[in-house]
Amino acid sequence: MLLWPLVAVLGLCLGSFVNVVIARLPPMLMRQWHEEACAALDRDPDPEVAKLPHLNLWRPGSHCPRCGTAIAWHDNIPLLGYLKRRGRCAHCRLPISLRYPLVELAGGALAVAVAAIHGVDPAGLALLGACLTLLALAVIDLRTQLLPDVLTLPLLWAGLLYQLLFQPLMLGDAVLGAMFGYGVLWLFYWGFKLITGKEGMGYGDFKLLAALGAWLGWQALPLLLILSAGAGAVVGILAQLAVPRLRGQPMPFGPFLALAGWIALLFGAPLLAAYQALLLT
Ligand SMILES: [Zn+2]
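Residues numbered from 1 in each chain as written. Predicted model: local features only at pLDDT ≥ 70, side-chain atom pairs only at ≥ 80, totals over all residues. Heavy atoms only, no water.

K.L.:
When you look at the UniProt feature "domain: Prepilin peptidase A24 N-terminal" (unreviewed entry) in the protein chain in this model, what are you seeing that I'm missing?
P.N.:
In the numbering used here, UniProt assigns the "domain: Prepilin peptidase A24 N-terminal" (unreviewed entry) feature to residues 9-115. Between the C-alpha atoms that bound residues 9-115 the distance is 13 Å, and the span itself is 55% helix and 0% strand. (UniProt positions renumbered as here; feature names shortened; annotations may be inferred. Helix = DSSP H or I, 4+ residues; strand = E, 2+ residues; numbered from the N terminus.)

K.L.:
Is there a simple way to think about the domain arrangement of the protein chain in this case?
P.N.:
By a widespread convention, an interface's size corresponds to the accessible area lost as its parts come together. We note that the domain assignment places domain 1 (1-117) and domain 2 (146-281) within the protein chain. Computed over C-alpha atoms only, the centres of domain 1 and domain 2 are separated by 26 Å. Contacts between the two partners involve 9 residues from domain 1, matched on the other side by 7 residues from domain 2. Together, the buried faces of domain 1 and domain 2 total about 630 Å²; carbon and sulfur atoms form 95% of this surface. Ranking the residues of domain 1 by area buried against domain 2 places Leu-25, Leu-110 and Ile-117 at the top, with a combined share of 54%. Summed over the shared surface of domain 1 and domain 2, the number is 0 salt bridges. Joining domain 1 to domain 2, the criterion identifies 0 residue pairs in polar contact (both at pLDDT 80 or more). Only helix H1 (3-40) and helix H4 (99-117) provide two or more residues apiece to the side of domain 1 that touches domain 2. (Domains from an automatic or database assignment. Contact = heavy atoms within 4.5 Å. Buried area = accessible area lost by both parts, 1.4 Å probe. Salt bridge = Lys/Arg side-chain N within 4 Å of Asp/Glu carboxyl O. Polar contact = N/O pair within 3.5 Å; in protein donor to acceptor, adjacent residues only side chain to side chain.)

K.L.:
So what exactly am I meant to see when it comes to the environment of Gly-81 here?
P.N.:
Mapped onto the fold, Gly-81 is located in helix H3 (residues 80-84). Beyond its immediate sequence surroundings of up to four residues, Gly-81 is in contact with His-74 and Asp-75.

Set out below in structure tokens:
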């Protein structure tokens, strides 16, 4: 009985770390790219960029994004800290994004879902790691239109390692899943570009589908594409009806791939069996 609260608290804490990745990884990468580009062009880095504080995922500690004041440990407890301060910084009183408690809550929900559906064991922990990486990718893509290689590529390798350790008979399907996952979106991208002259998606999307192919095997790719394209179409149409200025704006595809990935990772086995039965009849 003690297990479920423990799993939920673990998920909330991991969700809190996902928040750090979401907030810090994009500016860390932008700075790195800027410095590399300047080095390649033999130029001095932009003084504005050089002035920015050096960040990594561990330092400095949590602070208010508006006023920079460090957040006391008792205000930094997942979810409770946000509720205790009613969503405002203890120092400057400015609102703190609702994204923080929502991502923590999503971390807790994913941990409970993986434990309930898969069980609490090393393979379950690995699945939770994949689900949380998808959470970070989905929110980063929504905010910045980036799917960083430092998340998608390790997710792909981790998927192959997961198969090797926990279901070695699936390893061949996983390698094909990674290859076809990348290849099918690459073909779609170039086909769409040749016909319309526009870019329908980015290379990060190919790498993310390749990673999901590694975790789920090539058999899951049609299901992943149907789920993500279907959800993307419904949300896209609803968003354009609700907010007319979104019309014609590019929409990130990563969050829908992540959503399809969660569904397939959590409910994949029964879903795939049902859908293969459907194909055979
Ligand atoms: Zn503040």
